[in-house]
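Structural features, examined
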Amino acid sequence: MSTENVSQNVSRNVPHTILVTGGTGTLGRIVTERLRTAGHQVRVLSRHSRPFAVDLREGGPGLDAALDGVDTVVHCASSPRGGDEDAARNLVAAAGRAGVRHLVYISIVGVDRVPFPYYRTKLAVERIIEQSGLGWTVLRTTQFHDLVHRVLAAFAKSPVMPYFSGISDQPIEVAEVADRLAELAAGPPAGQVPEMGGPEVRTFADLARAYLAASGRRRALLPVRLPGKTYRAFAAGWHLTPERAVGKGTFEDFLAAAARRKA
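Source: prediction; values computed, not measured.

**Focus on the pattern of salt bridges**
In this structure the tally under the stated criterion is 16 salt bridges. Put simply, Asp 64 and Arg 97 hold a salt bridge, and the shortest N to O gap is 2.8 Å. Note that Asp 64 is positioned in helix 3 (residues 61–67) and Arg 97 in helix 4 (residues 84–98), a separation of 33 residues in sequence. Salt bridges sharing common partners tie together Asp 112, Arg 113, Glu 126, Arg 127, Glu 130 and Arg 140.

**A closer look at the nonpolar core**
Soluble globular proteins: nonpolar side chains tend toward being buried together. With 26 residues, the main nonpolar core has Tyr 119, Leu 152, Met 161, Tyr 211, Phe 251 and Leu 255 as its most contacted residues. Looking at this core, the elements that each hand over two or more residues are helix 5 (117–130), helix 6 (145–155), strand 6 (160–164), helix 8 (204–215), helix 9 (229–235) and helix 10 (251–262). With seven residues, helix 8 is the largest single contributor of residues to this core. With sequence-adjacent residues up to four places away left out, Phe 251 is seen in contact with His 145, Val 148, His 149, Leu 152, Arg 202, Leu 207, Ala 210 and Tyr 211. Of all hydrophobic cores here, the second largest spans 25 residues; its members include Leu 19, Val 70, Ala 87 and Ile 128.

**Observations concerning the layout of surface pockets**
To find leftover empty space, a probe the size of one water molecule is rolled over the atoms. For the second largest pocket, the calculated volume is near 190 Å³. Considering the residues around the second largest pocket, the lining is formed by His 149, Ala 153, Tyr 211, Ala 214, Ser 215, Arg 217, Leu 255, Ala 258, Ala 259 and Lys 262. Mapped by element, the contributors of at least two residues to the lining of the second largest pocket are helix 6, helix 8 and helix 10. Per element, the largest residue contribution to the lining of the second largest pocket is four residues, and it comes from helix 10.

**Focus on helix 2 (residues 26–37)**
Relative to the 16 Å expected for twelve residues at 1.5 Å per residue, helix 2 spans 18 Å between its end C-alpha atoms, a close match to the ideal helical length. Within helix 2, the full set of buried residues consists of Leu 27, Gly 28, Ile 30, Val 31, Thr 32 and Leu 35. Those residues of helix 2 that are buried are in contact with strand 1 (17–21), strand 2 (41–45), strand 3 (72–75), strand 4 (102–108) and helix 7 (174–186). Gly 39 sits one or two positions beyond helix 2 and adopts a positive phi of about 95°.

Conventions adopted
Residues numbered from 1 in each chain as written. Predicted model: local features only at pLDDT ≥ 70, side-chain atom pairs only at ≥ 80, totals over all residues. Heavy atoms only, no water. Salt bridge = Lys/Arg side-chain N within 4 Å of Asp/Glu carboxyl O. Helix = DSSP H or I, 4+ residues; strand = E, 2+ residues; numbered from the N terminus. Core = buried A, V, L, I, M, F, W, Y, C linked by side-chain atoms within 4.5 Å. Buried < 20%, exposed > 50% of the residue type's maximum accessible area, 1.4 Å probe, protein only. Contact = heavy atoms within 4.5 Å. 1 Å grid on protein atoms, 1.4 Å probe; cavity = no way out; pocket = protein on both sides within 12 Å on 5 of 7 lines; lining within 4 Å. Points joined across faces, edges and corners; volume = space filled by probe spheres on them. Expected span 1.5 Å × (residues − 1).

Structure follows, in structure tokens:
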């Protein structure tokens, strides 16, 4: 075994003090659970989670206090409403002052190819982290099952259910992404790591039919196409990673689990 491999194995076996931003969110909550189960000391940072209730877009002394003594940051906090770039700059600056050795960031497959405003922001945050001078790791994944579920649930409110014609998706189970992020956080900085995609590339029509079957609803399906470069990029599949279909849980698995939770 090489010296590098020995170093990586030792790093993974040594408990760290880890800060999870957005640690009360869909992904961050599970990452926090995984890290604590592995024996790490975990701090949760969000706007309302005490004792580290901090708005990253504003930074300030509370952020410095949260990072004091931290080895690694897992950056899950994000908002489609904006402010992610300011949040990243504040986090990077405070992490540098605190001597953080490793910053792990969760991003999205296709942020460098699809001209969707939120994707462009995620790419900008990647660049901020890469140029931070800190050790860093970036993991890109496809969309989580629950996001696809929310979109379809909103569409199904209409008597005629629209869907994105010509577009496929590759949803992934959020717990699998959390497992991978926890693994990366326990290891050394790795730069841009291989992407994670869900197990299947599915058309939106197919996903809509699966949602309707699971929810017991009857809806006529209405194909909808939108104008513009962003829609064409999604239709071209630039947000997909079929060669990295490493996820195990299918959309039907997610729907079945959601139904069990409701029962």
